[in-house]
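Structural description and commentary
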Amino acid sequence: MPAVTVENPLTLPRVSATADAVARPVLAVTTAPSGFEGEGFPVRRAFAGINYRHLDPFIMMDQMGEVEYQPGEPKGTPWHPHRGFETVTYIIDGIFDHQDSNGGGGTITNGDTQWMTAGAGLLHIEAPPEHLVVSGGLFHGLQLWVNLPARDKMMAPRYQDIRSGSVQLLTSPDGGALLRVIAGELDGHEGPGITHTPITMIHATLAPGAEVTLPWREDFNGLAYVLAGRGSVGAERRPVHLGQTAVFGAGSSLTVRADEKQDAHTPDLEVVLLGGRPIREPMAHYGPFVMNTKDELMQAFEDFQKGRLGTIPAVHGMTEAGPETGDDGA
């Protein structure tokens, strides 16, 4: 799990909650069911079964892989539309190519993030490059959907290419945790991702036995998803492992701890920490569109069918893209 790292975390700025911070209790721990997305790549549905009031402004998150593809096996998603929210694709291992009908796109690899604000709508495609399809190889990443408030749902689309080298790196007081701030801020240290809805997104790696207690904005919710390894969350040390999401309650700090012994294939505990200021607006979600009302959803489908969300670049010669009709989609 390369992402971005450093040889000596103690060279980084150190963060920790103050002594008077109020610890956030753990309200629930859920286990993500497995499924398939796009053309058939395996995912874990990180937020399945969690009440939306604990997720807002996040909509869904898929852990893509971790999978070791054989030659000819790597898969992606076909062209499809989006409107009304942002997609955040974070690649930990492997390579993904992105292109959209608004001119955005590029190749992201170990530790890179693509942040696509669909806004009023566009078409996009995500797929492994041809050389990876031929060779096979390791693939592991995340895709997170972040809602937009009603005032921003019809904004112009935007694409952010966030390279691993621009991520804000921090550590715990003893250097036992490496904190990668991808978006938002932690204790005054800002990540490179520009967000419309105020959020914080962190990929944390904790060495065996390490513990970190972080300051957390009281107006944000708090979620921790385990990408790999075993540990515990909260002052009560609620056990968590690969594929589980912890939901935190109110407070001004949250705690994550790695078990002394990890799984044989995982040297450390890998966790994604998410916090955001709830939008608290009605949400109408179907397939690739996230709006406020059913009428707006119907309008989104009509606009897509009439070509108002953009057209597939002619170089691909593809015109068969159709809307996704499931709950999720890349």
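Before going further, it helps to examine the nonpolar core. Of all hydrophobic cores here, the largest spans 27 residues; its most connected members are Leu179, Leu186, Ile202, Leu206, Val256 and Leu273. Put simply, the parts of the chain that give this core at least two residues each are strand E14 (177–183), strand E17 (199–206), strand E18 (211–215), strand E19 (222–228), strand E22 (244–248), strand E23 (253–258) and strand E24 (269–276). Contacts of Leu273, omitting those with residues within four sequence positions, involve Thr200, Met201, Ile202, Ala204, Leu214, Trp216, Leu223, Ala224, Leu254 and Val256. The next biggest cluster of nonpolar side chains, apart from the first, holds 26 residues, and it includes Ala3, Met61, Leu227 and Val272.

A sheet is described by the order of its strands in space; here 4 strands give the open sequence E18-E23-E20-E21, paired in antiparallel fashion. One side of each edge strand has no neighbouring strand; the edge strands of this open sheet are E18 and strand E21 (238–241). Across this sheet, the average inter-strand angle for adjacent strands is 25°, counted without regard to direction.

Next up on the list: the environment of Gly106. Note that Gly106 resides in strand E8 (residues 105–108). Remark: the alpha-carbon pair of Gly106 and Phe96, spanning 10 residues in sequence, is separated by 8.5 Å. Not counting residues within four places of it along the chain, the set of residues in contact with Gly106 comprises Phe96, Asp97, His98 and Tyr159.

Hydrogen bonds between backbone atoms are what pair the strands of a sheet, whose relative direction is either parallel or antiparallel. Pairing is antiparallel across the open sheet formed by 7 strands, whose spatial order is E2-E3-E4-E11-E6-E9-E12. Two strands close off the open sheet at either side, each with one partner strand: strand E2 (34–37) and strand E12 (158–162). Mean inter-strand twist for the sheet, computed between neighbouring axes without regard to direction, equals 25°. Two elements, strand E6 (residues 85–93) and strand E9 (residues 113–117), share 5 bridges in a ladder whose sense is antiparallel. Paired with Thr87 across the two strands is Met116, which belongs to E9.

Once that is clear, we can look at the pattern of salt bridges. Throughout the structure, instances matching the rule amount to 13 salt bridges. Among the salt bridges present, the one from Arg257 reaches Glu211, with a minimum N-O distance of 3.9 Å. Within this pair, whereas Arg257 is found in strand E23, its partner Glu211 is found in strand E18, the two being separated by 46 residues in sequence. Linking Asp303 and Arg308 is a salt bridge whose minimum nitrogen-to-oxygen distance equals 2.6 Å.

Attention now goes to the pairing of E24. Here E24 lies mainly inside the structure; 8 of its 8 residues are buried. The alternating pattern of E24 places Leu269, Val271, Leu273 and Gly275 on one face and Glu270, Val272, Leu274 and Gly276 on the opposite face, and all of these are buried. Of the pairings in the sheet, the one linking E17 to E24 comprises 8 bridges and is antiparallel in character. Its bridge partner lying in E24, Thr200 is registered against Gly275. Sheet topology note: the E19/E24 ladder contains 5 bridges and is antiparallel. Considered in E24, the bridge of Tyr225 is made with Val272.

Conventions we followed
Residues numbered from 1 in each chain as written. Predicted model: local features only at pLDDT ≥ 70, side-chain atom pairs only at ≥ 80, totals over all residues. Heavy atoms only, no water. Core = buried A, V, L, I, M, F, W, Y, C linked by side-chain atoms within 4.5 Å. Buried < 20%, exposed > 50% of the residue type's maximum accessible area, 1.4 Å probe, protein only. Helix = DSSP H or I, 4+ residues; strand = E, 2+ residues; numbered from the N terminus. Contact = heavy atoms within 4.5 Å. Pairing = 2+ DSSP bridges. Axes fitted to C-alpha atoms, helices over the stretch in contact; angles between N-to-C directions. Salt bridge = Lys/Arg side-chain N within 4 Å of Asp/Glu carboxyl O.

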